Amino acid sequence: MTDAQDTAADASLRTTGGTPPDDAGSSVTGAPTPLLEPREGIPPVIADEAALAEVIAAFAAGSGPVAVDAERASGYRYGQRAYLVQLRREGAGTALIDPVACPDLSGLGEALSGVEWVLHAATQDLPCLREIGMVPTLLFDTELAGRIAGFPRVGLGAMVESVLGFVLEKGHSAVDWSTRPLPEPWLRYAALDVELLVDLRDALEKELDRQGKLEWARQEFDAIASAPPAEPRKDPWRRTSGMHKVRRRRQLAVVRELWQTRDRIAQRRDVSPGKVLSDAAIVEAALSLPGSVHALAALNGFGHRVGRRQLEQWQAAVDRAKALPDGALPQPGQPVTGPPPPRAWADKDPAAAARLSAARAGVSTLAEQLGMPQENLISPDTVRRLCWEPPKVVDAGSVGAALAGYGARAWQVDQVTAALVAALSANGV
């Protein structure tokens, strides 16, 4: 058991009072307490500019970090837009904002510029927050903090229970947040999600400091806050579930045409693409290459619930793909910009495969000693790239420079360089 895991299991880090224990470690111990109601009750949903202006003023006048969360309608609506934004700050209380009614929250983002934002799994919420004008300059990610500190379970509910001694009700995490009006139980759940985030942040900061990892976490948080928006994914249709069954280029063209047709329809209707046509149905049509609407209707996913007009649009997509000249057909596989898949290394470059095996073992041992997941100690992709194309001269300086060039933070370079130098030096470099 690592120091962090030992801390998580230790009741002295838990309190039923909603705040971290004091410096002496005193707290109220006992069974976790269900957290049933926000401290000030469920706040009204902010849905007009006048109410939003009052919230902006209140949060600008508040003190300390601000807890931030967002709810999306994944699986129900097209895209990943926010349908509710929750905030809590000392002196301002909790606010629930409807970003459909108030789509521009840049004024709120500006009012909180320079304030530390506390999020759980920040990379999940930051893209939808950016869309409505909310971009943090400083942040603290409680999930990532838990990973670095070595907690075995880092979901928000698990962290709040193990660190603060409260049980969060999580029954509404997968509901359709585009529903209007939002039911009161959902709003209660949403308010409770930010109720203890700052308390959790404070407790985790103490634990990270105790383990000597606080600076590491700060570097990770800074990297997230300063990261540019992700580039659009190239050929997203290739991520269709079941694509491994599709081998021939003509079949790949059918997947592409059906996927793109489905995406246009889903975007127009503002529904999840899976509600328009399933991935399984797309793959089924690609494998079968139906020649008529009647043949298409016999396939799984295109049965009696699909109307004639819909069947005709799907068959038209299949026919377009079948009519493409050979030169316009997609190539199997995606262009590889980095090293090949590790499973191919033994055949392509046995020495590189040996380096990767030794590097992975070294990183695994070090991660266990430090009490954190390997992927948080150093990105697996970074290790692969280093082992595939190592520096011509292997030493601490060249390996450290290569790691930094791949985006490793300074603390990661400090921790893993020696182990990676040893792995590369012992395996043919």
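Residues numbered from 1 in each chain as written. Predicted model: local features only at pLDDT ≥ 70, side-chain atom pairs only at ≥ 80, totals over all residues. Heavy atoms only, no water.

Attention shifts here to the overall build of the protein. What the protein contains, in helices and strands, is 20 helices and 8 strands. Principal-axis analysis of the C-alpha atoms gives the protein an extent of 75 × 65 × 40 Å. Out of the 429 residues in the protein, the part that is buried amounts to 47%. Contacts in the protein between residues at least 24 apart in sequence constitute 67% of all its contacts with a sequence separation of at least 6. For the protein, the computed accessible surface area is about 20500 Å², with 51% contributed by carbon and sulfur atoms. Separation between the mean location of the 46 positive side-chain charges and that of the 53 negative ones in the protein comes to 12 Å. (Helix = DSSP H or I, 4+ residues; strand = E, 2+ residues; numbered from the N terminus. Buried < 20%, exposed > 50% of the residue type's maximum accessible area, 1.4 Å probe, protein only. Contact = heavy atoms within 4.5 Å. Areas by Shrake-Rupley, 256 points an atom, 1.4 Å probe, with all protein chains shown as cover. Lys, Arg positive; Asp, Glu negative; His and termini not counted. Charge placed at Lys NZ, Arg CZ, Asp CG, Glu CD.)

Before going further, it helps to examine the packing of helix 10 (residues 249–269) against helix 14 (residues 308–323). Between helix 10 and helix 14, whose axes approach to 8 Å, the crossing angle comes to 140 degrees. Viewed along their axes, helix 10 and helix 14 adopt a mutual orientation that is oblique. Relative to helix 14, the crossing made by helix 10 is right-handed. Contacts between helix 10 and helix 14 pair R250, A253, V254, E257, L258, T261, R262, R264 and I265 from the former with Q313, W314, A317, V318, R320, A321, K322 and A323 from the latter. (Axes fitted to C-alpha atoms, helices over the stretch in contact; angles between N-to-C directions. Parallel < 35°, antiparallel > 145°, perpendicular 65-115°, else oblique. Left-handed = near helix turned anticlockwise from the far one by under 90°.)

Our next topic: the nonpolar core. In terms of nonpolar packing, the biggest core is built from 83 residues, with V85, L87, I97, L129, L377 and L403 touching the most fellow members. Those residues in contact with L87 that sit more than four places away from it in its chain are F59, V66, A67, V68, G93, T94, A95, I97, L108, L112, M134 and V194. Listed in part, the 31 residues of the second largest apolar core include I265, V271, L277 and I282. (Core = buried A, V, L, I, M, F, W, Y, C linked by side-chain atoms within 4.5 Å.)

What follows deals with the sheet that holds strand 2 (residues 45–46). Taken in spatial order, the 6 strands of this open sheet run 2-5-4-3-6-7, and their pairing is mixed. On the outer flanks of this sheet lie strand 2 and strand 7 (138–141), each paired with one strand and no other. The pairing of strand 2 with strand 5 (residues 93–97) spans 2 bridges and is parallel. Residue pairing across strands places V45 opposite L96, the latter belonging to strand 5. The sheet contacts of helix 4 (residues 122–131) involve strand 3 (63–72), strand 4 (82–90), strand 6 (116–119) and strand 7, and relative to strand 3 the element is tilted by about 80 degrees. (Pairing = 2+ DSSP bridges.)

Right, let's get into unusual backbone geometry. Looking along the chain, the bond that leaves R180 and enters P181 is cis, with omega of -5 degrees. Locating P181 in the fold gives a position in the loop between strand 8 (166–168) and helix 7 (184–195). Residues other than glycine seldom take positive phi values, yet D270 does so here, at roughly 55 degrees. Looking at where D270 falls in the secondary structure, it is placed in the loop between helix 10 and helix 11 (273–276). Look at D270 and you get partly exposed, because its relative accessible area is 25%.

A few words on helix 5 (residues 142–149). A large share of helix 5 lies buried, amounting to 7 of its 8 residues. Restricting attention to buried positions, one finds in helix 5 the residues T142, E143, L144, A145, G146, I148 and A149. Of the residues flanking the start of helix 5, the one acting as N-cap is D141, its side-chain oxygen 3.0 Å from the backbone nitrogen of E143. G150 occupies a position one or two residues after helix 5 and carries a positive phi of about 90 degrees. (Polar contact = N/O pair within 3.5 Å; in protein donor to acceptor, adjacent residues only side chain to side chain.)

A full pass over the atoms with the stated rule returns 23 salt bridges. Its salt-bridge partner being E207, residue R210 comes within 3.0 Å of it at the nearest N-O pair. With R210 and E207 both in helix 8 (residues 197–211), this residue pair falls 3 residues apart, about one helical turn. The class of E207 is buried, set by a relative accessible area of 3%. (Salt bridge = Lys/Arg side-chain N within 4 Å of Asp/Glu carboxyl O.)

Quick look at the packing of aromatic side chains now. Taken as a whole and assessed by the stated rule, the structure comprises 5 aromatic pairs. Here the aromatic rings of F140 and F221 are separated by 4.7 Å at their centres, their planes lie at 50 degrees, and the arrangement is tilted. With a gap of 81 residues between them, F140 in strand 7 and F221 in helix 9 (residues 214–226) connect regions that are remote in the sequence. F221 carries the same exposure label as F140, and that label is buried. Consider the rings of W345 and W388, whose centres lie 4.8 Å apart with planes at 50 degrees: the pair is tilted. Of this pair, W345 sits in helix 15 (residues 345–348) while W388 sits in helix 18 (residues 380–388), and the two are 43 residues apart along the sequence. Put simply, the rings of W177, W186 and Y189 touch in pairs and so form one group of aromatic residues. Its guanidinium or amino end placed over the ring of Y83, R81 lies 5.0 Å from that ring's centre, counting from NZ or CZ. (Phe/Tyr/Trp six-rings, centres within 6.5 Å; stacked < 30°, edge-to-face > 60°. Lys NZ or Arg CZ within 6 Å of the ring centre and 35° of its normal.)

As a further point, take the pairing of strand 6. What you see with strand 6 is no split at all: E116 and V118 on one side and W117 and L119 on the other are buried throughout. Strand direction decides the pairing type here: strand 3 and strand 6, joined by 2 bridges, are parallel. Within strand 6, the residue paired with V66 across the bridge is W117. Assessed by its sense of winding, the connection that carries the chain from strand 6 through helix 4 to strand 7 is right-handed. (Right-handed = clockwise from strand over helix to strand, strands pointing away.)

The end-to-end C-alpha separation of helix 7 is 16 Å, in line with the 16 Å expected for 12 residues at 1.5 Å each. Among the 12 residues in helix 7, 10 count as buried, and that is most of the element. Buried residues of helix 7: W186, L187, R188, Y189, A190, A191, L192, D193, V194 and E195, and no others. (Expected span 1.5 Å × (residues − 1).)

For the structure shown, the criterion picks out 0 disulfides. Summary of cysteine pairing: C128 is not part of a disulfide, and the nearest cysteine sulfur, belonging to C102, is at 16 Å. (Disulfide = S-S within 2.5 Å.)

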